[in-house]
Amino acid sequence: MTKPGWRTVLLREEVVKAVEKAKAEREAGLRRRLPLGAFIEDMIWQILEEQEILRSYGPYIEKISVDANTIILRDNRVGRIVECVLKEGELYCIHCESSNCVHIGYSWAIPEVYKAMNLQGRRMPKIS
Ligand SMILES: [Zn+2]
């Protein structure tokens, strides 16, 4: 017996429904249709990237609070509270005066932040 390939993987019905719902939400935000394969690939890629970020920064950075415009983090490497704010639709780190520092990367890995930014059609910047 051969192992099923990606094209023949069967998903549970509730998983399919959740994916269709997420796809519809994204399409509503973008006001255009997306190919299913590309949508799922993008979603999986995003999750893998988030896991990678949380794995590398997770031990040092903690989420303190998240509200509509501000994300408060504690960075245990520098021993201080770091504030990331929404500035002209992009996340901006006040501590680093940067929009692509590790704190921004960490903020994007917080599901509620990712979801809110994604609904506005924003993409995570390359973190350096
Ligand atoms: Zn920063």
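The model shown is predicted, which means the values in this text are computed figures rather than measured ones.

Conventions used here
- Residues numbered from 1 in each chain as written.
- Predicted model: local features only at pLDDT ≥ 70, side-chain atom pairs only at ≥ 80, totals over all residues.
- Heavy atoms only, no water.
- Pairing = 2+ DSSP bridges.
- Helix = DSSP H or I, 4+ residues; strand = E, 2+ residues; numbered from the N terminus.
- Axes fitted to C-alpha atoms, helices over the stretch in contact; angles between N-to-C directions.
- Donors = N, O, S within 2.8 Å, 3.2 Å for Na, K, Ca; no water.
- Tetrahedral: all angles 85-135°; square planar, octahedral: opposite > 155°, others 65-115°.
- Expected span 1.5 Å × (residues − 1).
- Contact = heavy atoms within 4.5 Å.
- Buried < 20%, exposed > 50% of the residue type's maximum accessible area, 1.4 Å probe, protein only.
- Parallel < 35°, antiparallel > 145°, perpendicular 65-115°, else oblique.
- Nonpolar A, V, L, I, M, F, W, Y, C, P; charged D, E, K, R; others polar.
- pLDDT = per-residue confidence, 0-100.
- Salt bridge = Lys/Arg side-chain N within 4 Å of Asp/Glu carboxyl O.

Engineer: Before we move on, can you summarise the sheet that holds strand β2 (residues 70–75) with the specific residues and values?
Structural biologist: With respect to topology, four strands assemble into an open sheet ordered β1-β2-β3-β4, the strand pairing being antiparallel. Whereas interior strands pair on both sides, the edge strands pair on one side only; in this sheet they are β1 (61–66) and β4 (90–93). Between one strand axis and the next, the sheet turns through 25° on average, direction left out of account. Sheet analysis places β2 next to strand β3 (residues 80–87), joined by six bridges and oriented antiparallel. Paired with I71 across the two strands is C84, which belongs to β3.

Engineer: Let's hear about the coordination of the zinc ion: which residues, and what values?
Structural biologist: At the metal site, the zinc ion is ligated by C93 (SG), C96 (SG), C101 (SG) and H103 (ND1), and these contacts range over 2.0 to 2.3 Å. Around the zinc ion sit four donor atoms; with metal-centred angles ranging over 103 to 114°, the donor geometry is tetrahedral.

Engineer: How would you sum up helix α2 (residues 36–57)? Please name residues and give values.
Structural biologist: Relative to the 32 Å expected for 22 residues at 1.5 Å per residue, α2 spans 31 Å between its end C-alpha atoms, a close match to the ideal helical length. Tucked into the core, α2 has its buried residues touching α1 (13–30), β1, α3 (102–108) and α4 (111–119).

Engineer: I'd like to hear about the side chain of H103, residue by residue, with values.
Structural biologist: On the secondary structure map, H103 appears in helix α3. Owing to a relative accessible area of 2%, H103 belongs among the buried residues under this scheme. Setting aside residues no more than four positions away along its own chain, H103 makes contact with I61, L73, D75, V82, C84, C93, H95 and C96.

Engineer: Can you lay out the pairing of β1 for me, pointing to particular residues and giving the numbers?
Structural biologist: Of the pairings in the sheet, the one linking β1 to β2 comprises five bridges and is antiparallel in character. Residue E62 lies in a different strand from β2, and its bridge partner there is R74. The antiparallel pairing of β1 with β2 creates a hairpin that spans three residues between the two strands.

Engineer: Let's hear about the packing of α1 against α4: which residues, and what values?
Structural biologist: Packing of α1 against α4 leaves a shortest axis separation of 9 Å and a crossing angle of 45°. Between α1 and α4, the crossing angle belongs to the class labelled oblique. When α1 is examined against α4, the residues E25, R26 and G29 are found in contact with a partner set consisting of Y114, K115, N118 and L119. Grouping the constituent residues of the contact of α1 with α4 by class yields two nonpolar, two polar and three charged.

Engineer: Describe in detail the confidence of the model for the protein chain, supporting the description with residues and values.
Structural biologist: When pLDDT is averaged along the protein chain, the result is 85, and 92% of the positions lie at 70 or above. Per-element confidence in the protein chain is highest for β2, whose mean pLDDT is 96, and lowest for α2, whose mean pLDDT is 82.

Engineer: An account of the pattern of salt bridges is needed here, citing residue identities and associated values.
Structural biologist: With the rule as written, the count across this model stands at 11 salt bridges. Here R123 makes a salt bridge to D42, at a shortest N to O gap of 3.3 Å. With R123 in the segment after α4 and D42 in helix α2, this pair connects stretches of sequence that are 81 residues apart. A single network of salt bridges, built from pairs that share partners, joins K23, E27 and R33.

Engineer: With reference to specific residues and values, describe the side chain of N118.
Structural biologist: Looking at the secondary structure, you find N118 in helix α4. The class of N118 is buried, set by a relative accessible area of 13%. With near-sequence residues (within four places) excluded, N118 lies in contact with R26 and R123.

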